[in-house]
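One-letter residues, chain by chain:
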Amino acid sequence: MIKIGQNNSFEVVKVMDFGVFLDGKEFGNILLSSRYVPENTKLGDQVDAFIFYDSDREVVATTETPIAQVGQWGVMNIVGANSYGAFADWGIIKKDLLIPFSEQINRLVEGQNVLIYVYTDNASGRIVGTTKFNRYLDKTAVNYQAGREVDLLIAEVTDLGYKAIVNGEHWGLIFKTEAYGKLFIGKKLKGYIKNVRSDGKIDLSLQKLGTERMDDLSEKVMSSLNKKDGFIPVSDKSTPEEIFAVFRTSKGTFKKTIGGLYKQGLITIEKEGIRLIEKPE
């Protein structure tokens, strides 16, 4: 089934000087302009293309990649506005994405970079964007176990921390005390379910929970020491930023981990870093 606003695979049914025509099934033949046609494309080939409606309500195709397809989120730059709403650079040369005024939480202005959800308006059939995410999230039952790895998309900064979209389906929160590294709106990363509250709200962590987290980091530290001739210039005196840059973890977890390795007699902790203890052969 051909889907407007998404990538589809098409058969080339006609080759012309100005482009090729793709078999759009119920939408008829769709022109892919020569500027977008992959080199050496011939009759009968399969071509992946993104299709959308142009200003004349004609279905057109491009091999450009939009920042977000229908059903996806993406950070876009607001490039203008008119009496209908604001327009965002969608990543397609001939098409900016409309965000109607009714779909804006706060009035969008030119120059802003904004996280936008792309959807098809049922009334008009147009592909548009919104900054009102609530009606697309928390529509299914929360069924996560603590410790489960999930995909996160940072969507909002609050006084408590960072609101994130979990697996494209639910809201979750990374508390400030759990946040480390560079987090910003639109960033995609892996995270872990820390807790699901009785009201269904989800607390998130950016690192594995409990002993599993410590074991993984211990292996990573020991592996790094072996690769770096037995010394790494990071210790419990290093800044959180320095530790995160090397091991992608919080300072607290790092200190507990190297403390455990020290107690096992595997490393020494020095002012300038940690050193592997060579075992006698």
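Draft legend 1. View of the environment of Lys-271. Tracing the chain through its elements places Lys-271 in the loop between β17 (267-269) and β18 (274-276). The class for Lys-271 is exposed, based on a relative accessible area of 70%. Counting along the chain gives 36 residues from Lys-271 to Ser-235, while the straight-line C-alpha distance between them is 6.8 Å. Lys-271 has contacts with Ser-235 and Lys-237, leaving out every residue within four places of it along the chain.

Draft legend 2. Region of the structure containing the pairing of strand β7 (residues 85-92). Bridge analysis of strand β6 (residues 73-81) against β7 gives three bridges, and the strand direction is antiparallel. Pairing of Ile-78 across the sheet is with Ala-88, part of β7. Taken together, β6 and the strand that follows it, β7, pair antiparallel across an intervening segment of three residues. With six bridges connecting them, β7 and strand β8 (residues 95-100) associate as antiparallel partners. Each residue of the ladder has a partner; that of Ile-92, found in β8, is Lys-95. Between the end of β7 and the start of β8, which pair antiparallel, lie two residues.

Draft legend 3. Up close: the sheet that holds strand β13 (residues 170-175). A barrel is described by the order of its strands in space; here five strands give the closed sequence β11-β12-β13-β15-β14, paired in mixed fashion. Strand-to-strand twist in this sheet, taken as the mean axis angle between neighbours without regard to direction, amounts to 55 degrees. Pairing of strand β11 (residues 149-157) with strand β14 (residues 188-196) involves five bridges; the strand directions are antiparallel. Bridge assignment links Glu-149 to a residue of β14, and that residue is Tyr-192.

Draft legend 4. The arrangement of the environment of Val-75 in detail. Locating Val-75 in the fold gives a position in strand β6. Residue Val-75 is classed as partly exposed on the basis of its relative accessible area, which comes to 32%.

Draft legend 5. Region of interest: the sheet that holds β17. In space, the three strands of this open sheet follow the order β16-β18-β17, with antiparallel pairing throughout. Edge positions in the open sheet fall to β16 (231-232) and β17, since each of these has one partner strand only. The pairing of β16 with β18 spans two bridges and is classified as antiparallel. Residue Ile-232 lies in a different strand from β18, and its bridge partner there is Ile-274.

Draft legend 6. Local environment of the side chain of Ser-218. Mapped onto the elements, Ser-218 comes out in helix α1 (residues 210-227). When sequence neighbours within four positions are dropped, the list of residues in contact with Ser-218 reads Thr-257 and Leu-261.

Draft legend 7. Quick peek at a nonpolar patch on the surface. Together, Met-16, Phe-18 and Leu-31 give the surface a local cluster of nonpolar side chains, amounting to about 250 Å² of exposed area. Relative accessible area serves as the criterion here: at 36%, Met-16 is assigned to the partly exposed category.

Draft legend 8. Here's a closer look at unusual backbone geometry. The backbone of Lys-25 sits at a positive phi, close to 55 degrees, despite the residue not being glycine. Positionally, Lys-25 belongs in the loop between β2 (19-23) and β3 (29-33). A relative accessible area of 56% means that Lys-25 is categorised as exposed. Unusually for a residue other than glycine, Asn-167 sits at a positive phi of about 55 degrees.

Draft legend 9. Region of the structure containing the side chain of Gln-104. The residue Gln-104 is located in the loop between β8 and β9 (113-120) in this model. Among the residues examined, Gln-104 registers a relative accessible area of 6% and is labelled buried. A distance of 2.8 Å separates a polar side-chain atom of Gln-104 from the backbone oxygen of Ile-99. Within polar-contact distance, the side chain of Gln-104 engages the backbone nitrogen of Leu-108 at 2.9 Å.

Draft legend 10. Highlighting the packing of aromatic side chains. Counted under the stated rule, the structure contains ten aromatic pairs. Taking 4.5 Å as the distance between ring centres and 55 degrees as the angle between the ring planes, the aromatic pair formed by Trp-73 and Tyr-117 counts as tilted. Taken together, the residues span a long stretch of sequence, with Trp-73 in strand β6 and Tyr-117 in strand β9 at a distance of 44 residues. Relative to Tyr-136, the ring of Tyr-117 has its centre 4.3 Å away and its plane inclined at 35 degrees; by these criteria the two rings are tilted. Taken together, the residues Tyr-117 in strand β9 and Tyr-136 in the loop between β10 (127-130) and β11 connect sequence positions 19 residues apart.

Quick notes on the rules
Each chain has its residues counted from 1, running along the sequence as written. For this predicted model, a pLDDT threshold of at least 70 governs which residues receive local features, and a threshold of 80 or more governs which side-chain atom pairs are given and counted, while totals over whole chains, interfaces and linings are taken from all residues. Side-chain metrics rest on all non-hydrogen atoms present in the structure, leaving aside hydrogens and water. Strands are runs of DSSP state E lasting at least two residues, helices are runs of H or I lasting at least four, and both sets are numbered from the N terminus onward. The cut-offs for exposure are 20% and 50% of the maximum accessible area for each residue type, with area from a 1.4 Å probe on protein chains only; residues under the lower value are buried, those over the upper are exposed, and the others partly exposed. The criterion used for residue contact is that any of the two residues' heavy atoms lie within 4.5 Å. Strand pairing follows a simple DSSP-based rule, namely that at least 2 bridges must link the two strands. Axes here mean lines fitted to C-alpha atoms, for a helix over just the part in contact, with angles spanning 0 to 180 degrees between N-to-C directions. Patch members must show over 30% relative accessible area and no salt bridge, and they are joined within 9 Å when carrying like charges or within 5 Å when they are nonpolar side chains of Val, Leu, Ile, Met, Phe, Trp or Tyr. Note on areas: Shrake-Rupley, 1.4 Å probe, and residue coverage restricted to the protein chains presented here. For this analysis, a salt bridge means a side-chain nitrogen from Lys or Arg found within 4 Å of a carboxyl oxygen belonging to Asp or Glu. Polar contact is the term for a pair of N or O atoms within 3.5 Å; when the atoms are in protein, one must be able to donate a hydrogen and the other to accept it, and sequence-neighboring residues count only if both atoms are side-chain atoms. Here a pair means two rings of Phe, Tyr or Trp (six-membered ring of Trp) with centres within 6.5 Å. Their orientation is stacked below 30 degrees between planes, edge-to-face above 60, and tilted elsewhere.

That is the geometry; function is a separate question.
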